[in-house]
Amino acid sequence: NTPNTSGSTSTTPAFTDVAANAYYANSVAWAVDKGITAGTSKKTFSPNSTCTTAQILTFLWRSQGSPEPTSKANTFTDIQESDYFYKAALWAKEKNIVSRDSTVFNGNTPCTRSSAVLYIWRATGFPAATKASSFTDVAATTIYAPAVDWAVEQGVTSGTSKTTFSPDTTCTRAQIVTFLYRAANAAA
């Protein structure tokens, strides 16, 4: 998918809670235009609402073209076929975006910064960064350290300060679509 880098589209609705000069305005327009997500109503996007695991993985799945999972077998004990994120969950497990050993999906769990970059990095194919980031709160031994290194190098996100990444801070809808938009631009 080629990202829409113009920042505006004729099909994107005007959300009353997305200012034209907001850092995430182009990202929201891109995500809506590409069918990755819609608003929480016809007039609102809810940019400051917490993004759940189910939401980010669904957005990520849609950003990849909503591929059909190869296997239709559901090995998660906490989801069912009627869930909006059902195919995204199966796809994420199949692609090792979430652990293949996991039996629970935990879709309502708020998505953290470390999980967000980990999911996006894994969906991108586990690319290696050329240098390690120097955040004091990201130990090189964590599962998400290579993802943080890649995300910073590619401009997907930066730290919350010069020395911190804040891996356990939860992400908002605006932050997630911004990460996805930047990752799509980095891959383009």
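Predicted model only: the values in this text are computed from it and were never measured.

### Topic: the packing of helix α1 (residues 25–33) against helix α6 (residues 173–187)
Close contact between α1 and α6 brings their axes to 8 Å; oriented N to C, the two are set at 80°. Judged by the inter-axis angle, α1 sits roughly perpendicular to α6. Contacts between α1 and α6 involve N26, S27, V28, W30 and A31 on the former and, on the latter, V177, T178, L180, Y181 and A184. Per-class residue counts for the contact of α1 with α6 are seven nonpolar, three polar and no charged.

### Some details on the state of the cysteines
Two cysteines whose sulfur atoms are joined by a covalent bond form what is called a disulfide. The full count for this structure, using the stated rule, is zero disulfides. Cysteine C111 shares no disulfide, and the gap to the nearest cysteine sulfur, in C171, comes to 5.2 Å.

### Some thoughts on unusual backbone geometry
Leaving glycine aside, a negative phi is the common case for residues, and trans is the common case for peptide bonds. Even without a glycine there, the phi angle at N106 is positive, about 55°. Within the fold, N106 resides in the loop between α3 (86–94) and α4 (113–123). Taking the relative accessible area as the measure of exposure, N106 reaches 40% and is therefore partly exposed.

### Notes on helix α2 (residues 53–63)
In an α-helix, one turn spans 3.6 residues; hence positions three or four apart end up facing the same way. The element α2 is extensively covered by neighbouring structure, given that 10 of its 11 residues are classed as buried. What α2 keeps buried is the set T53, A54, Q55, I56, L57, T58, F59, L60, W61 and S63. At its buried positions, α2 is contacted by α3, α4 and α6. With its phi angle positive at about 95°, G65 sits one or two positions after the end of α2.

### Some details on the layout of surface pockets
Empty space within the largest pocket amounts to approximately 330 Å³. Residue lining of the largest pocket: 17 residues in total, with T53, V98, F105, S115 and Y119 positioned closest to the centre. Considering each element in turn, the lining of the largest pocket owes the most residues, four residues, to α4. In terms of residue class, the lining of the largest pocket is built from nine nonpolar, seven polar and one charged.

### A word on the packing of aromatic side chains
Scanning the entire structure with this criterion turns up eight aromatic pairs. A ring pair is formed by Y84 and F85, whose centres lie 5.1 Å apart and whose planes are at 90°; its orientation type is edge-to-face. Given the relative accessible area of 48%, Y84 is considered partly exposed. Seen from the ring of F76, K93 lies directly overhead, with NZ or CZ sitting 4.4 Å from the centre. Note that R173 overlies the ring of F45, its terminal NZ or CZ placed 4.3 Å from the centroid.

### What to know about the confidence of the model for the protein chain
Per-residue pLDDT for the protein chain averages 91, and the proportion of residues at 70 or more is 93%. In the predicted structure, residues 1–11 sits below a pLDDT of 50 and forms 22 contacts with residues beyond four places in sequence or in another chain.

### Comments concerning the pattern of salt bridges
In total, this model carries two salt bridges according to the counting rule given. Measuring nitrogen to oxygen at the nearest pair gives 2.7 Å for the salt bridge that ties K87 to E68. Of this pair, K87 sits in helix α3 while E68 sits in the loop between α2 and α3, and the two are 19 residues apart along the sequence. Residue class for E68 comes out partly exposed when judged on its relative accessible area of 45%.

Conventions and cut-offs
- Residues numbered from 1 in each chain as written.
- Predicted model: local features only at pLDDT ≥ 70, side-chain atom pairs only at ≥ 80, totals over all residues.
- Heavy atoms only, no water.
- Axes fitted to C-alpha atoms, helices over the stretch in contact; angles between N-to-C directions.
- Helix = DSSP H or I, 4+ residues; strand = E, 2+ residues; numbered from the N terminus.
- Parallel < 35°, antiparallel > 145°, perpendicular 65-115°, else oblique.
- Contact = heavy atoms within 4.5 Å.
- Nonpolar A, V, L, I, M, F, W, Y, C, P; charged D, E, K, R; others polar.
- Disulfide = S-S within 2.5 Å.
- Buried < 20%, exposed > 50% of the residue type's maximum accessible area, 1.4 Å probe, protein only.
- 1 Å grid on protein atoms, 1.4 Å probe; cavity = no way out; pocket = protein on both sides within 12 Å on 5 of 7 lines; lining within 4 Å.
- Points joined across faces, edges and corners; volume = space filled by probe spheres on them.
- Phe/Tyr/Trp six-rings, centres within 6.5 Å; stacked < 30°, edge-to-face > 60°.
- Lys NZ or Arg CZ within 6 Å of the ring centre and 35° of its normal.
- pLDDT = per-residue confidence, 0-100.
- Salt bridge = Lys/Arg side-chain N within 4 Å of Asp/Glu carboxyl O.

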